[in-house]
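# Observations on the model geometry
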Amino acid sequence: IPDALVRAYAKKIMTLPGVKKIALHERMAPVLLTIDGTNAPLEALDRAEGQFRKIAVEHEPGAVDLLREVMEPEFGAHFFFSCSSDHIYEAQMHGADKGSSVLRAKELVKAHTLVCAGDYENDIPMIRAADIGYAVGDAQENVKAAADRITVPCAEHAIREIIRDLEGEARKKL
């Protein structure tokens, strides 16, 4: 993400009500900007260097609608926006989402079939990229709609159930 764009995005989002923290993710540790009513976040932003891949914003419950309304029209051409929990709103470079990443991993390891599972909006590109995309039973409705299959909720050992499901299909083919 171009440095000037990151700074413009972060400076604007810091002014919105409900924002608590901003993490600028690069290859190493994120630069964390805590919103506490001082100029410290802006000073930290000015000292930050790196190739940022994602900007994660921790916010108060209910603030995501305002974040979307204000940020997406202005920055939508540059970022893919999603939520990774009920209080984390993310902006990532186009092509740096989970879908792009798992397709690259599949290519690198020359995998035959890519199976992915998710629960939040940031998992949708990955689920769509998969040959078989699962949503866990307690996933958001838009995640379930994007999935090929729905399994049990996370707390009910969703990954174990997915493996059992796939093993059962493999046995039927033998």
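In short, a report on the structure. (Residues numbered from 1 in each chain as written. Predicted model: local features only at pLDDT ≥ 70, side-chain atom pairs only at ≥ 80, totals over all residues. Heavy atoms only, no water.)

### Points about the overall build of the chain
Within the chain, the regular secondary structure consists of seven helices and eight strands. Taking all 174 residues of the chain together, 39% fall into the buried category. Partitioning the intrachain contacts of the chain with sequence separation of at least 6 by distance along the chain shows that 47% fall at a separation of at least 24. Within the structure as shown, the chain displays about 9800 Å² of accessible surface, and the carbon and sulfur contribution to it stands at 54%. (Helix = DSSP H or I, 4+ residues; strand = E, 2+ residues; numbered from the N terminus. Buried < 20%, exposed > 50% of the residue type's maximum accessible area, 1.4 Å probe, protein only. Contact = heavy atoms within 4.5 Å. Areas by Shrake-Rupley, 256 points an atom, 1.4 Å probe, with all protein chains shown as cover.)

### Notes on the sheet that holds strand 6 (residues 115–118)
Strand order in this open sheet of three strands is 6-7-8, and the pairing throughout is parallel. This sheet does not close on itself; its edge strands, each paired only once, are strand 6 and strand 8 (149–150). Two elements, strand 7 (residues 132–135) and strand 8, share two bridges in a ladder whose sense is parallel. Bridging from a neighbouring strand, Tyr-134 pairs with Arg-149 of strand 8. (Pairing = 2+ DSSP bridges.)

### A word on the packing of aromatic side chains
Two descriptors summarise a pair of aromatic rings, namely the distance from one centre to the other and the angle between the planes of the rings. The tally for this structure, following the rule as stated, stands at six aromatic pairs. Aromatic side chains Phe-81 and Tyr-89 sit 5.7 Å apart centroid to centroid with 15 degrees between the ring planes, which places their arrangement in the stacked category. By relative accessible area, which is 10% here, Phe-81 ends up buried. Here Tyr-89 falls in the buried class, since its relative accessible area comes to 0%. (Phe/Tyr/Trp six-rings, centres within 6.5 Å; stacked < 30°, edge-to-face > 60°.)

### Quick notes on the environment of Cys-83
Along the chain, the position of Cys-83 falls in strand 4 (residues 79–85). On a C-alpha basis, the gap between Cys-83 and Tyr-120 in space is 6.7 Å, while along the polypeptide they are 37 residues apart. Setting aside its immediate chain neighbours within four residues, Cys-83 contacts Val-64, Arg-68, Ile-88, Tyr-89, Tyr-120, Glu-121 and Asn-122.

### What about the nonpolar core?
Within the largest apolar cluster, 21 residues are counted, with the highest numbers of intra-cluster contacts made by Tyr-9, Ile-13, Ile-55 and Tyr-89. Looking at this core, the elements that each hand over two or more residues are helix 1 (3–13), strand 1 (19–25), strand 3 (54–59), helix 3 (64–75), strand 4 and strand 5 (88–93). Per-element tally for this core: the top contributor is helix 1, with five residues. Ignoring any residue separated from it by four or fewer positions in sequence, one finds Tyr-9 in contact with Ile-55, Met-71, Phe-75, Phe-79, Phe-81, Tyr-89 and Ala-91. Among the nonpolar cores identified, the runner-up in size contains nine residues, and Ile-127, Val-136, Ala-139 and Ala-146 belong to it. (Core = buried A, V, L, I, M, F, W, Y, C linked by side-chain atoms within 4.5 Å.)

### A word on helix 3
With twelve residues, helix 3 extends 15 Å from end C-alpha to end C-alpha; this agrees with the ideal 16 Å at 1.5 Å per step. Every buried residue belonging to helix 3 is among Val-64, Leu-67, Met-71 and Phe-75, and all of these are buried. With its buried residues spanning 65 degrees around the axis, helix 3 presents them on a single face. Residues Asp-65, Glu-69 and Pro-73 are exposed on helix 3 and point more than 90 degrees away from its buried face. (Expected span 1.5 Å × (residues − 1). Arc of directions from axis to C-beta.)

### Focus: the pattern of salt bridges
By the definition in use, this model includes eleven salt bridges. Its salt-bridge partner being Glu-72, residue Arg-68 comes within 2.9 Å of it at the nearest N-O pair. Taken together, the residues Arg-68 and Glu-72, both in helix 3 and four residues apart, mark about one turn of the helix. With a shortest N-O distance of 3.6 Å, Glu-141 and Lys-144 are connected by a salt bridge. Here the residue Glu-141 and the residue Lys-144 both occupy positions in helix 6 (residues 141–146), the gap between them amounting to three residues, near one helical turn. Taken together, the shared-partner salt bridges in this structure form one network comprising Arg-68, Glu-72 and Glu-121. (Salt bridge = Lys/Arg side-chain N within 4 Å of Asp/Glu carboxyl O.)

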